[in-house]
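The lines below spell out each chain.
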Amino acid sequence: MKRLSPRLALTATMLLSTQFAQAQTRLHEHSVAATGKTLAMRVCWTCHVVASDQPFAPMLNQPAPSFADIANRSNTSASALRRFLTKTHWDEATIPMSMPGMMLTDDQVGAVSAYILSLRKRP
Ligand code: HEC
């Protein structure tokens, strides 16, 4: 049997480990987004359509934008979501359509943002 040259073996190992790392990253992103979906199903759905399989419709007369709509806006990004979710607060000037501050932890902001971004339609 022909032996693999050390250089080829090294290249193959590097390629495999890069692919493994990429697969792990995708898996991690997927589970962060899944955590975000669970959170959204518990605290955001009263005002937003957060997922097509949510058990109840939002309760606002004028529902807030759906997460799918927010995800597909051209200016939506992880940093824009973080800014909104950490800085927003209920404002008397914009009654009745203003979102209260949700008092999320840093991890929760990351998870729910990852979930929203996962709803973006791939071109
Ligand atoms: C009490 C109702 C209510 C709840 C609960 C609520 N939202 Fe909202 N949200 C709104 C309304 C109303 C708007 C649109 C007006 C505004 O931007 O304040 C909005 C807008 C948004 C936007 C769009 C911001 C932009 O840039 O236009 C995001 C993102 C968002 N909400 C995320 C969330 C997340 C995540 C949760 C749960 C952790 C949540 N919302 C819970 C009412 C709510």
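Up top you'll find the structure we're talking about.
Residues numbered from 1 in each chain as written. Predicted model: local features only at pLDDT ≥ 70, side-chain atom pairs only at ≥ 80, totals over all residues. Heavy atoms only, no water.

### Some points on the nonpolar core
Move 1: Core analysis: the largest hydrophobic core is formed by 15 residues, its most contacted members being A40, C44, V50, F67, V112 and I116.
Move 2: For this core, the elements supplying multiple residues, two or more each, are α1 (6-43), α2 (67-71), α3 (78-87) and α4 (106-118).
Move 3: No other element matches α4, which puts four residues into this core.
Move 4: Not counting residues up to four positions away in its chain, the partners in contact with C44 are L39, V50, F67 and V112. (Core = buried A, V, L, I, M, F, W, Y, C linked by side-chain atoms within 4.5 Å. Buried < 20%, exposed > 50% of the residue type's maximum accessible area, 1.4 Å probe, protein only. Helix = DSSP H or I, 4+ residues; strand = E, 2+ residues; numbered from the N terminus. Contact = heavy atoms within 4.5 Å.)

### Describing the side chain of S66
Move 1: Structurally, S66 can be placed in the loop between α1 and α2.
Move 2: On the accessibility criterion, S66 (15% relative accessible area) is buried.
Move 3: Engagement of the side chain of S66 in a polar contact is seen with the backbone nitrogen of D69, the distance being 3.0 Å. (Polar contact = N/O pair within 3.5 Å; in protein donor to acceptor, adjacent residues only side chain to side chain.)

### What about the site of the ligand?
Move 1: In the neighbourhood of the ligand, 20 residues make up the surrounding shell, with C44, C47, H48, R73 and M99 lying closest.
Move 2: Residue R73 places a side-chain N or O atom 2.9 Å away from an oxygen atom belonging to the ligand.
Move 3: A distance of 3.0 Å is found between an oxygen atom of the ligand and a backbone nitrogen or oxygen belonging to M99.
Move 4: Those elements giving two or more residues to the shell around the ligand turn out to be α2 and α3.
Move 5: Sorting elements by how many residues they give to the shell around the ligand places α3 first, with three residues. (Near = heavy atom within 4 Å.)

### So, the environment of T18
Move 1: For T18, the location among the structural elements is in helix α1.
Move 2: A polar contact is formed between the side chain of T18 and the backbone oxygen of M14, at a distance of 2.7 Å.

### Here's the deal with the packing of aromatic side chains
Move 1: In this structure the tally under the stated criterion is one aromatic pair.
Move 2: Their ring planes at 35 degrees and their centres at 5.7 Å tell us that W45 and F56 sit as a pair that is tilted. Here F56 lies in the loop between α1 and α2 and W45 lies in the loop between α1 and α2, a separation of eleven residues in the sequence.
Move 3: Overall, W45 belongs to the buried group, its relative accessible area being 17%.
Move 4: Using a relative accessible area of 53% as the deciding quantity, one classes F56 as exposed. (Phe/Tyr/Trp six-rings, centres within 6.5 Å; stacked < 30°, edge-to-face > 60°.)

### What about the coordination of the iron atom of the ligand?
Move 1: At 2.0 to 2.1 Å from the iron atom of the ligand lie its protein donor atoms, namely H48 (NE2) and M99 (SD).
Move 2: Geometry at the iron atom of the ligand is octahedral, judged from the six donor atoms that bind it and their angles of 87 to 180 degrees at the metal. Of the two residues, H48 is situated in the loop between α1 and α2 and M99 in the loop between α3 and α4; the sequence distance between them amounts to 51 residues.
Move 3: Residue H48 is classed as buried on the basis of its relative accessible area, which comes to 9%.
Move 4: Using a relative accessible area of 22% as the deciding quantity, one classes M99 as partly exposed. (Donors = N, O, S within 2.8 Å, 3.2 Å for Na, K, Ca; no water. Tetrahedral: all angles 85-135°; square planar, octahedral: opposite > 155°, others 65-115°.)

Worth remembering: the numbers are spatial, not functional.
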